[in-house]
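Take a look at the letters that make up each chain.
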Amino acid sequence: MISLNEPGRKVIMSGNEAMARGALEAGVDFCTSYPGSPSVEIAESLFKLKTEKKVYGEWSTNEIVALEAAAAASFAGLRSICIMKQNGLAVASDFLLSLNHPGTRGGLVIIVGDDPGAHSSINEVDSRHFARQAELPLLEPSSVAEARDMVRWAFELSEELETCVIIRAVTRVCHARGNLVLESIPDKLVQDVRIEPWDRFLCIAPMHGMVHMRQEKARKAFEESLFNLYTGPEHAETVIVSSGPSALYAHEALYLLSLNENVGLLKLGTTWPLPRDLILEHLQHASKIILFEETDPFLEQNITSLLAQFGDKKYAFYGQASGYVSGDNGPGLGELNVDLVARSLAKAFDLPDPVKLPDTSQVNDLLKGSLPEREMALCAGCPHRSSFWAIKSALELDGRKGIVLGDIGCYTLGASKAGFWLLRSLMCMGSGVGLANGFGQLHRFGMKQPVLAVMGDSTFFHACLPALVNGVYNRANFLAIVLDNSITAMTGFQPHPGVGVSATGEMASSIKIEDITTAMGIRTEVSDPHLLNDTIKIISDLLQEAGPGVLILRKECALTAVKKERKLYIVNEKLCAGSSCGCNNFCSTVFACPAISIGADSKAVISDVICTGCGACALLCPKGAILEANKGGAVS
Amino acid sequence: MVVEELKKGPEQLKNEVINAGWCVSCGACVEMCPYIKAEKDKVAVIQSCGLNDGNCYLVCPRTYTDYSSLSNLKEEYTTDGALGTYKTIVKARATDHRISSAGQYGGVVTALLTSRLKELEHQDGIALLTGYDGIYPQWNIGRDSEDIINSTGSKYAVCPGLSGLNQALRNGSERITVVGRPCQAVALRKMINYSTVEGKERIDLIIGLFCFWGLDYSIYDLLKKKYKIQRIDKADIPKDAGLSLQTDQGNITLTLEETRQFIRTGCYSCVDPTSELADLAVGSTEQDPGWCTVIIRTEKGEESLNIAVDSGLIEIDQYPDSLRTALMEAAANKKKRVFLGDPDQETPAVNTSYLKLAEAAAKMIEME
């Protein structure tokens, strides 16, 4: 669909697909990304087209490498796009803050997916600050169609300004579906690129002036941009300033409250540098300024300072700072929606609450009892469940109250009941093993507890290598456990350098984690986590060693493995003792595989739909009541 | 009938026994359920099952134990404060040179197992005993005389071998002869008398060993590090000496002082050096290295010894009074050290509150 070359045709697309389409309509040549929600499908959509549209695509090991690779393509004159999530821009920021100095040649667009409400993130991050810090132009789409339009324009803008352009797309734009009228996809001229003898890509302090100049040039371009739109009466007393989907919420709320005749709405699509003159034109005569934006009060603070400098009267600001604009949990927390925006507006205008629908807490009260409680759970057959049980067992047997550090991945659930509350730290990618470098030195200060760090296989390549090198160099005492499910599972099964397949599906080198750690001089062991007793033994053994150790717990993600081969396990009802067994329904309540529930007579029941056949429960059942279906366990 | 004191669960097992340092690593609670595991000699409750009345607690030899109600008190049996209840004591040795040279002292345990397995040939008999996994003692299952010869010899270590019994009970249908330390005999007797463990009737015969203390596995870590040994062929603790080992690196002898550092803390609360609750208790004679002491404690024990004697695998002899006196003295001294403290080692009396109190008091009086 996204490569359909039928200009004028009206289609429905997701925001992510629309942004990929925008890149295609701009003739993108080069795409790099590290997968992260909510923006993961942008790159995926482009990678599917690599032969068809001659777009080079790669899953880079991390976001800074992704941006560096994309910048190189731009230096060579190609149009290039780099896609990441909010946390990724932080990873890439070191390069970003130097890339702004030499600037770029071919259009270079960075799309950063921000996740207000942290639907699939560990934190809420407002990436717009990076644009301000790096003095780079920033665009914020409100809708699916606008997201496509902005991407297409961003390439032109990047080439005009000779610097990269950042697009901040929030979850509700990335994941929404909307109408789009297709524009044509250009036929690309195949020509050889080259780096000229005079080309230099240097970040040196004297170029800082250039960075300021480009920013001023961007501001001027933004003054005229059609992505900024004022609606409402001229010289309105009250003006709303908003960006992203909040601008649509504000638009709808104004009609809902019949305030659209009286209140102005300045929707900004270009939010850094701010289009100063445009803002002053619409706000100078107002006395009340209401701001709707998600995550941080970015517009609020920048417009406040703009008006303090250029305004000629006293303004009242209604935004996060004053508490007027607030989600259920407080200002700057979670997403906005039409209801929240309408409530805030009603408050500012002293109108009755217009929202007829109950709020979240009332909905929860209404549903109480009618829906089963669902815990956060690892999938049926997930190797991480076995890994965590083995780690927990080994630590209890060790008895020194060892600590487990973690980071981001499916295994983040190790911080919850699903992972037996094992994880004691959860921060950015690679932070578990990073922290282990510090905890692993604290034996000098009398700490006797063993230190373990878990990381995913994709995370290993992304952010763990420098920390492991540091651990070897400085002889830190820790056991690094790679929970290797042989895929980047959480973001939807993207390959990584250990998998042997490229982003575009070609054969690639498979880099073995054990080869790397062995070469570093670290004792490295590999075990199948579902073989619980072996794994417990190996962990127990490694915990006795000083210095860094590595254990790779390798088992393919159950969701990919089940597509290749599927075993089925069933419960022999005669053997399962149900609640009279001393195990107290271990398989369904403690080990808590979602495929197992408690059925008649409190005996275990395995769902043949959900079970992926990992067999871990069969190893743990004290009655031996769980059997592989075709191996003596068949029920006729 | 389970007494009230034993109606507790894993939380109490963890707090009163494991964390308190009294666990003797018998392994009886291990692998009964998914929550209790052992690694080498360490036993841990991985997570509480949430139940407060469990087999794990009631089989433990360091929870409430009433020796009199678990003993085979019969008119023709003797009961004394030093050796417990028994019918008679004999000197015994294996007649087969291969067995007696491989086994400890007279090789009686090896010969008994050989005889028992032969006898149960058509009833699927197995033996649970302790062999080596590398240098670490590890339980294993013996199915024939070859297996038994391979595991022969005392280990002097606190191997949680009854975890193997729990696995054997779960998976098979065989009748099981268990060779174990006194604490393991206690656990088995409690399991048979009190627990709801399925298949416990398959525990066929309990051969208890004399044991004055067991060693923590940390001693093996030390031996591995210091002497680089990979394999232990035979272990012995000669009278008034420390641990003596035949290994792949030659003979290694530790002094008694060196050895004592590795005694399992839980063993200091043990008042049962002669396996008072076993069917047959077997140990050294301390005088004659070619013979074993065998205390016949039950009819079943007597019967199986007789069969071994009748089939010519074992020969027996009268137990001299001098040996009996020495054995009683050794056993009584061990009990005294526990109840009253050890003046030589300057250790105080040990917590024996797990024993039924009236009985403990009576024993003290008897010894005085």
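Our subject is the structure listed above.
What you see as residue numbers is a count from 1 along each chain, following the sequence as written. Working convention: letters from A go to chains and numbers from 1 go to ligands, in the order in which they are written. In view of the model being predicted, local features appear only for residues whose pLDDT reaches at least 70, and side-chain atom pairs are presented and counted only at 80 or more, with totals across whole chains, interfaces and linings using the full set of residues. Only hydrogens and water are set aside when side-chain values are computed; all heavy atoms of the structure are taken into account.

Undergrad: Describe the overall build of chain A, listing the residues and the values that go with them.
TA: When you go through chain A residue by residue, the secondary structure sums to 22 helices and 24 strands. Values of the radius of gyration come from C-alpha atoms, whereas the globule rule sets the reference at 2.2 Å times the count of residues to the power 0.38. Here the C-alpha atoms of chain A give a radius of gyration of 27 Å, agreeing with the 26 Å that 2.2 N^0.38 yields for 636 residues. Along the three orthogonal principal directions, the C-alpha set of chain A runs to about 80 × 70 × 60 Å. Between buried and exposed lies partly exposed: a residue is buried under 20% and exposed over 50% of the maximum accessible area for its type, with that area taken using a 1.4 Å probe on protein chains only. Within chain A, the fraction of its 636 residues that count as buried is 56%. When checking whether two residues touch, look at their non-hydrogen atoms; a contact exists if any pair is within 4.5 Å. A separation of at least 24 residues holds for 78% of the contacts in chain A among residues at least 6 apart in sequence. Surface accessibility of chain A: about 27,200 Å² in total, with carbon and sulfur atoms responsible for 55%. Counted as positive: Lys and Arg. Counted as negative: Asp and Glu, with His and the chain ends omitted from the count. For this purpose, a charge sits on NZ of Lys, CZ of Arg, CG of Asp or CD of Glu. Looking at charge distribution, chain A has the averaged site of its 56 positive side-chain charges lying 6 Å from that of its 70 negative ones. Helical segments are the DSSP runs of H or I of at least four residues, strand segments are the runs of E of at least two, and each set is numbered from the N terminus. Calculation of accessible area relied on Shrake-Rupley with a 1.4 Å probe; when residues are assessed, cover is drawn exclusively from the protein chains displayed.

Undergrad: Now, about unusual backbone geometry: what can you tell me, with residues and values included?
TA: Along the chain, Ser 37 of chain A connects to Pro 38 of chain A via a cis peptide bond; the corresponding omega equals 10°. Among the secondary structure elements, Pro 38 of chain A is positioned in the loop between β2 (30–33) and α2 (40–47). Its identity as a non-glycine residue notwithstanding, His 235 of chain A has a phi of 50°, on the positive side. Here His 235 of chain A is to be found in the loop between β9 (229–231) and β10 (238–243). Non-glycine residue Tyr 156 of chain B carries a positive phi angle of around 60°. Of note, Tyr 156 of chain B is situated in the loop between α6 (145–150) and α7 (162–171).

Undergrad: Quick one: what's the story with α7 of chain B, residue by residue and with numbers?
TA: Residues and elements named next belong to chain B. Within α7, seven of the ten residues are buried, which leaves the element mostly enclosed by the surrounding structure. Burial in α7 covers these residues: Leu 162, Ser 163, Gly 164, Leu 165, Asn 166, Ala 168 and Leu 169. On its buried side, α7 packs onto β6 (125–133), β7 (136–142), β8 (175–180), α8 (182–194) and β9 (203–209).

Undergrad: Mind laying out the packing of aromatic side chains, listing which residues take part and the relevant values?
TA: Two rings from Phe, Tyr or Trp (for Trp, the six-membered ring) form a pair when their centres sit within 6.5 Å of each other. Planes less than 30 degrees apart are called stacked, planes more than 60 degrees apart edge-to-face, and all others tilted. According to the stated counting rule, one finds 16 aromatic pairs over all chains in the structure shown. When the centroid spacing of 5.1 Å and the interplanar angle of 90° are considered together, the rings of Phe 586 of chain A and Tyr 35 of chain B count as edge-to-face. A residue pair is termed interchain when its members come from two chains, as with Phe 586 of chain A in helix α21 (residues 586–590) and Tyr 35 of chain B in the loop between α1 (10–18) and β1 (36–39). Given the relative accessible area of 1%, Tyr 35 of chain B is considered buried. Measuring from ring centre to ring centre gives 6.0 Å for Tyr 136 of chain B and Tyr 217 of chain B, while their planes differ by 20°; the resulting arrangement is stacked. Here Tyr 136 of chain B, found in strand β7, pairs with Tyr 217 of chain B, found in the loop between β9 and α9 (218–227); they are 81 residues apart in sequence, far enough to count as distant. Joined through ring pairs, the aromatic side chains of Trp 389, Phe 420, Phe 586 and Phe 591 of chain A together with Tyr 35 of chain B make up one cluster. Above the face of the Phe 310 of chain A ring, Arg 276 of chain A is positioned so that its terminal group lies 5.1 Å from the ring centre. Two limits define a charge over a ring: the Lys NZ or Arg CZ must be within 6 Å of the ring centre, and within 35 degrees of the ring normal. Looking at Arg 385 of chain A, its charged tip hangs above the ring of Phe 591 of chain A, at a distance of 5.8 Å from the centre.

Undergrad: So, the nonpolar core: which residues are in play, and what are the values?
TA: Within the largest apolar cluster, 135 residues are counted, with the highest numbers of intra-cluster contacts made by Ile 391 of chain A together with Ile 36 and Leu 165 of chain B. Beyond its immediate sequence surroundings of up to four residues, Ile 391 of chain A is in contact with Val 404, Leu 422, Leu 452, Val 454, Ile 481 and Ile 539 of chain A. Remark: nonpolar core denotes a set of buried residues (Ala, Val, Leu, Ile, Met, Phe, Trp, Tyr, Cys) joined through side-chain atoms within 4.5 Å.

Undergrad: An account of the interface of chain A and chain B is needed here, citing residue identities and associated values.
TA: Listed per partner, the contact involves 23 residues of chain A and 20 residues of chain B. On the chain A side of the contact with chain B, Glu 396, Leu 397 and Pro 622 of chain A bury the most area, a combined 31% of that side's loss. Throughout this description, the term salt bridge denotes a Lys or Arg side-chain nitrogen within 4 Å of a carboxyl oxygen of Asp or Glu. The tally of links from chain A across to chain B stands at one salt bridge. Taking the shortest distance from any N to any O, the salt bridge between Lys 623 of chain A and Glu 198 of chain B comes out at 3.4 Å. Distance and chemistry together define a polar contact, namely a pair of N or O atoms within 3.5 Å, with one atom able to donate a hydrogen and the other to accept it when in protein, and with adjacent residues in sequence counting only for side-chain atoms on both sides. Our count for the chain A to chain B interface comes out at six residue pairs in polar contact (both at pLDDT 80 or more). Every element with two or more residues in the side of chain A that touches chain B is listed here: α15 (383–398), α19 (532–542) and α21 of chain A. Counting residues per element, the side of chain A that touches chain B draws most heavily on α15 of chain A, at six residues. The buried area of a pairing is the accessible area, by a 1.4 Å probe, that goes missing from both parts when the two are put together, added over both.

Undergrad: I'd like a description of the packing of α15 of chain A against α19 of chain A, backed by residues and values.
TA: Residues and elements named next belong to chain A. Every angle, taken between N-to-C directions, lies between 0 and 180 degrees, and every axis is a line fitted to C-alpha atoms, over only the stretch in contact when it is a helix. α19 packs onto α15 with a crossing angle of 50° between their chain directions and a minimal axis gap of 9 Å. Classified by the angle their axes make, α15 and α19 are oblique. Every pair of crossing elements has a handedness; the one defined by α15 and α19 is right-handed. From α15, Ser 386, Trp 389, Ala 390, Ile 391, Ser 393, Ala 394 and Leu 397 reach across to α19, where they touch Leu 532, Thr 535, Ile 536, Ile 539 and Ser 540. Just so you know the grouping, Ala, Val, Leu, Ile, Met, Phe, Trp, Tyr, Cys and Pro go in nonpolar, Asp, Glu, Lys and Arg go in charged, and all remaining residues, Gly too, go in polar. Here the contact of α15 with α19 is built from residues that sort into eight nonpolar, four polar and no charged. Should an angle fall under 35 degrees it is taken as roughly parallel, and over 145 as roughly antiparallel, whereas 65 to 115 is taken as roughly perpendicular and any remaining angle as oblique. Each crossing is labelled by how the near helix is turned from the far one, with a counterclockwise turn of less than a right angle marking it left-handed and a clockwise turn marking it right-handed.

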